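Observations on the three-dimensional arrangement
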Amino acid sequence: MNKLRQSFRRKKDIYVPEASRPHQWQTDEESVRTGKCSFQVKYLGHVEVEESRGMHICEEAVKRLKSERKYFKGFFAKSGKKAIKAVLWVSADGLRVVDEKTKDLLVDQTIEKVTFCAPDRNFDRAFSYICRDGTTRRWICHCFMTVKDTGERLSHAVGCAFAACLERKQKREKECGVTATFDASRTTCTRKATFNASRTTFTREGSFRV
């Protein structure tokens, strides 16, 4: 009887780290370099944040935007504030968010202005990145919910984009006689990779392996 009960119990999803599933994402790096990498997302919006990096900063931004959406939905019924269905394009040049319905360009972000990106530990499909606003010089966090993929995959793609951007910058600086550096550090439970080139820095955090 106990065996029968156990057979009906729902099995929990076993987490598989990135290192054990490279076949799923191995094409993303090449797609990023050729400018053909895109993901279907729901753009939650953006909020101003106080720091340039930190998973907790991104997670608080996601919670804030999701709670605001629920509030407006309840207050204005069907005419409430909704996430925008969009396509996120990732390349070595930048991140572009295009409205899926109207084809309007919602976000046009140069990759060098992005300082941090990470998946969300509370929502498997959530992803955020922090950047410096070119006009106000304030830190802005843009938040998304993926439609088909996970937040980790988007974070991985943005990491590939910054690495490709850094390589191009190193190549240009080498031709001009200027050097750039790359720093990567590991921890036992998470991966934290930091890229430094002149004054450009970027950090990606998640359950990854170099």
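Residues numbered from 1 in each chain as written. Predicted model: local features only at pLDDT ≥ 70, side-chain atom pairs only at ≥ 80, totals over all residues. Heavy atoms only, no water.

Under an unreviewed UniProt entry, the protein chain has the name Numb-like protein and belongs to Xenopus laevis.

This part takes up unusual backbone geometry. You will see that Lys103, though not glycine, has its phi angle at about 70°, which is positive. Inspection of the secondary structure assignment puts Lys103 in the loop between β3 (94-99) and β4 (105-110). Phi at Arg137 takes a positive value of approximately 65°, unusual for a residue other than glycine. Locating Arg137 in the fold gives a position in the loop between β6 (126-132) and β7 (139-146). Note on Arg137: relative accessible area 45%, which makes it partly exposed. (Helix = DSSP H or I, 4+ residues; strand = E, 2+ residues; numbered from the N terminus. Buried < 20%, exposed > 50% of the residue type's maximum accessible area, 1.4 Å probe, protein only.)

This part is about the packing of aromatic side chains. Given two aromatic rings, one states the distance between the centres and the angle between the planes to describe the pair. Tallied over the full model, the rule gives three aromatic pairs. Seen in terms of ring centroids, Tyr129 and Phe144 are 6.2 Å apart; in terms of plane orientation they differ by 20°. Their pairing is stacked. Here Tyr129, found in strand β6, pairs with Phe144, found in strand β7; they are 15 residues apart in sequence, far enough to count as distant. For Tyr129, a relative accessible area of 0% gives the class buried. Joined through ring pairs, the aromatic side chains of Tyr43, Phe127, Tyr129 and Phe144 make up one cluster. Directly above the aromatic system of Phe123 lies the positively charged group of Lys66, at a separation of 5.0 Å from the ring centroid. (Phe/Tyr/Trp six-rings, centres within 6.5 Å; stacked < 30°, edge-to-face > 60°. Lys NZ or Arg CZ within 6 Å of the ring centre and 35° of its normal.)

With that settled, the discussion passes to the nonpolar core. Counting residues in each nonpolar core, the largest one holds 26 residues, and the members touching the most others are Leu88, Val90, Leu95, Ile111, Phe127 and Tyr129. Looking at this core, the elements with two or more residues in it are β1 (37-49), β2 (84-90), β3, β5 (114-119), β6, β7 and α4 (151-175). The leading source of residues in this core is α4, at seven residues. Setting aside chain neighbours within four positions, we find Ile111 in contact with Ser91, Ala92, Asp93, Gly94, Leu95, Val158, Ala161, Phe162 and Cys165. In this structure, Val49, Ile57, Leu65 and Ala118 belong to the second largest nonpolar core, which totals 18 residues. (Core = buried A, V, L, I, M, F, W, Y, C linked by side-chain atoms within 4.5 Å. Contact = heavy atoms within 4.5 Å.)

Looking now at the pattern of salt bridges. Counted by the stated rule, this structure contains nine salt bridges. A salt bridge links Glu68 to Arg64, with the shortest nitrogen-to-oxygen separation between them at 3.5 Å. One end of the pair, Glu68, and the other, Arg64, are both in helix α3 (residues 55-76), four residues apart, so they sit about a helical turn from each other. Here Arg168 ties to Asp93 by a salt bridge, and the two come within 2.6 Å at their closest N and O atoms. Linking Arg168 in helix α4 with Asp93 in the loop between β2 and β3, this pair joins segments that are 75 residues apart in sequence. (Salt bridge = Lys/Arg side-chain N within 4 Å of Asp/Glu carboxyl O.)

All right, on to the confidence of the model for the protein chain then. Overall, the prediction assigns the protein chain a mean pLDDT of 78, with 67% of residues at 70 or greater. Below a pLDDT of 50 lies the segment residues 10-15, which in the model reaches three contacts outside its immediate sequence neighbourhood of four places, other chains included. Note on residues 74-80: pLDDT under 50 across the span, and three contacts to partners over four residues away in sequence or across chains. (pLDDT = per-residue confidence, 0-100.)

With that settled, consider the pairing of β1. Sheet topology places β1 next to β2; seven bridges connect them, and they run antiparallel. Directly across from Val41, in β2, lies its bridge partner Ala86. Where β1 and β7 come together, eight bridges link them in antiparallel fashion. Residue pairing for β7: Gly45 is matched across the bridge by Cys143. (Pairing = 2+ DSSP bridges.)

Below, the discussion takes up α4. Under the 1.5 Å per step criterion, the end-to-end length of α4 is 37 Å for 25 residues, consistent within 8% with the ideal 36 Å. Among the 25 residues that make up α4, 18 are buried, leaving the element largely enclosed by the rest of the structure. (Expected span 1.5 Å × (residues − 1).)

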